[in-house]
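Chain by chain, the residues:
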Amino acid sequence: MMDKIGGDRTSQLYGGLLTFLRKCLFKVMSVGPIPNHIAFIMDGNRRYAKKQNSGEGAGHRAGYSSLMSLLRYCYELGVKYVTVYAFSIDNFRRRPEEVKYVMDLMIEKIEELLKEESIVGQYGIRVYFIGNLKLLSEPVRFAAEKAMKATAKNNKAILLVCVAYTSCDEIMHAVQESCKLKRKEIQMLLESQVRGGSTVGFRQQKKISDLVVHDIQESYEDGLHGSEARHLLEGSYEDNSDDIARTCDCLIEEVEVCEKEMKASSIELVDVEKHMYMAVAPDPDILIRSSGETRLSNFLLWQTTNCLLYSPAALWPELGMWHLVWAVLNFQQSYQYLEKKRKTM
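Okay, so let's go over this structure. Counting from 1, residues in each chain are numbered in the order their sequence is written. Local features are withheld for residues below a pLDDT of 70 in this predicted model, meaning they are given only at 70 or higher, and side-chain atom pairs are given and counted only at 80 or more; totals for whole chains, interfaces and linings count all residues. Based on all heavy atoms of the structure, the side-chain values leave hydrogens and waters out of the count.

1. What to know about the overall build of the chain
When its secondary structure is counted, the chain shows 12 helices and six strands. Partly exposed describes any residue whose relative accessible area lies between the buried limit of under 20% and the exposed limit of over 50%, with all areas from a 1.4 Å probe on protein chains only and scaled to the type maximum. Across the 345 residues in the chain, those meeting the buried criterion constitute 39%. Every residue pair with non-hydrogen atoms within 4.5 Å of one another is taken to be in contact. Long-range pairs, those at least 24 residues apart, make up 80% of the contacts in the chain between residues at least 6 apart in sequence. Per-residue and other accessible areas were derived by the Shrake-Rupley procedure at a 1.4 Å probe size, with only the shown protein chains allowed to occlude residues. Accessible surface for the chain amounts to roughly 20300 Å². Of this, 56% is attributable to carbon and sulfur atoms. In this text, helices come from DSSP runs of H or I with a minimum length of four residues, and strands from runs of E with a minimum of two, each type numbered from the N-terminal end.

2. What about the packing of helix α4 (residues 96-113) against helix α6 (residues 138-150)?
Two numbers describe how α4 lies on α6: the axes approach to 10 Å, and their chain directions differ by 25 degrees. In this view, α4 runs roughly parallel relative to α6, as classed from their interaxial angle. Handedness of the α4/α6 crossing: left-handed. Here Met 103, Met 106, Ile 107, Ile 110 and Glu 111 of α4 lie close against α6, whose contacting residues are Pro 139, Val 140, Ala 143, Ala 144, Lys 146 and Ala 147. Each residue gets one label: Ala, Val, Leu, Ile, Met, Phe, Trp, Tyr, Cys and Pro are nonpolar, Asp, Glu, Lys and Arg are charged, and the others, such as Gly, are polar. Considering only residue class, the contact of α4 with α6 consists of nine nonpolar, no polar and two charged. The axes used here are C-alpha line fits, helices contributing only the stretch in contact, and every angle between their N-to-C directions lies in the interval 0 to 180 degrees. Angle categories are assigned with fixed cut-offs, so that under 35 degrees is roughly parallel, over 145 is roughly antiparallel, 65 to 115 is roughly perpendicular, and the rest are oblique. Crossings are classed by handedness, with left-handed meaning an anticlockwise turn of the near helix from the far one by less than a right angle and right-handed meaning a clockwise turn.

3. Thoughts on unusual backbone geometry
One non-glycine residue, Ala 164, adopts positive backbone phi at about 55 degrees. By the element assignment, Ala 164 lies in strand β4 (residues 157-165). Its identity is not glycine, yet Leu 300 carries a phi of approximately 55 degrees, on the positive side. Summarising the element assignment, Leu 300 is placed in the loop between β5 (286-289) and β6 (308-310).

4. Brief notes about the pairing of strand β1 (residues 37-41)
Summarising burial for β1: five of the five residues are buried, a large majority. Here β1 shows no split at all, with His 37, Ala 39 and Ile 41 on one side and Ile 38 and Phe 40 on the other all buried. At least two DSSP bridges between two strands are needed for those strands to be called paired. Pairing between β1 and strand β2 (residues 81-88): five bridges, direction parallel. In the sheet register, Ile 38 faces β2, and the bridge partner there is Val 82. Taken together, the four bridges between β1 and β5 define a ladder with parallel strand orientation. By the bridge assignment for β5, Ala 39 is matched with Leu 287.

5. Here's the deal with the environment of Val 328
Turning to its location among the elements, Val 328 is positioned in helix α12 (residues 321-343). Classification of Val 328 by relative accessible area gives buried; the value is 0%. Placed 20 residues apart in sequence, Val 328 and Leu 308 show a C-alpha to C-alpha distance of 9.6 Å. Setting aside anything within four residues of it in sequence, one finds Val 328 in contact with Met 29, Ile 34, Pro 35, Leu 77 and Ile 286.

6. What to know about the nonpolar core
One broad trend across soluble globular proteins is that nonpolar side chains are buried collectively. Judged by nonpolar contacts, the single largest core of 54 residues is most densely connected at Phe 40, Val 82, Ile 125, Phe 129, Ile 288 and Leu 324. Of all the elements, helix α3 (residues 56-77) adds the most residues to this core, at nine residues. If we ignore the near neighbours within four places in the chain, the residues touching Phe 129 are Ile 110, Ala 144, Ala 147, Met 148, Val 161 and Val 163. Side-chain atoms within 4.5 Å are what join buried Ala, Val, Leu, Ile, Met, Phe, Trp, Tyr and Cys residues into a set we call a nonpolar core. Ile 158, Leu 160, Leu 287 and Cys 307 belong to the second largest nonpolar core, which has 17 residues in total.

In structure tokens:
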């Protein structure tokens, strides 16, 4: 009994010492620029399970434990936004039993995140689920919506979980939503024109032109030629000067309306970006993909133009604090270059 108590105390002291040393290290690192947003591609859970001669489920559970540790390190370091690629739309093509296991595990871990003593409660994390959530089963979607609602008032840190997500789907969604909005704006503009009678300008112009031509034709029929016809023409314009002025005003109004229509019908870059799933967060500063792969695998293609890519050889469950430290040090070394590239965009 005494040996057990002594062992527990030793373990607590050792854990406390490691925490203290980690915080000291992070304090020193914070002298340099700290990334605002880090994204993770969690690759290698199944290979890790195979390496350990255990089932695939054990690999996913080990991956979740690694995620919790890395989230803690990120938030202690001062990183506000963390994005994780949890489940791709393409992953639905895997064996049905594996997909079901991952979805059930997701529900279980979401419930754990909502507990008061969880990392979400400790660090005041707001959780977003990013992607085409309509593709999820009802229980998973309900759990995701519950988590987003429960953490909506947290603002100290942000966790974005990309599930049922691909970058192609995100871009297509943003373009479709931009087109819908522009179509609605154009429709509203046309309706306001009809209500305001802005099309009267061209009709008024035609009416006055026809009146002048009619007067000239009558003058020729009456035998007037040369200077007499010219005086009549000038008189016709003088008599209709007020109408002509109103016509000019209407034409100016028509030009302004046409300019508004052209502006309303064009889709700008900002229109697409504000409809992105990831519009709730700034672009990542670092993208970390485990298992040594350098492919983005259809993840954040739009947002990673000026992003540092770090690909350690470790599988996702093997990823730890030192991998994160090394990624941040690389970011600090490249910071001036990355900032210069951003400013030239």
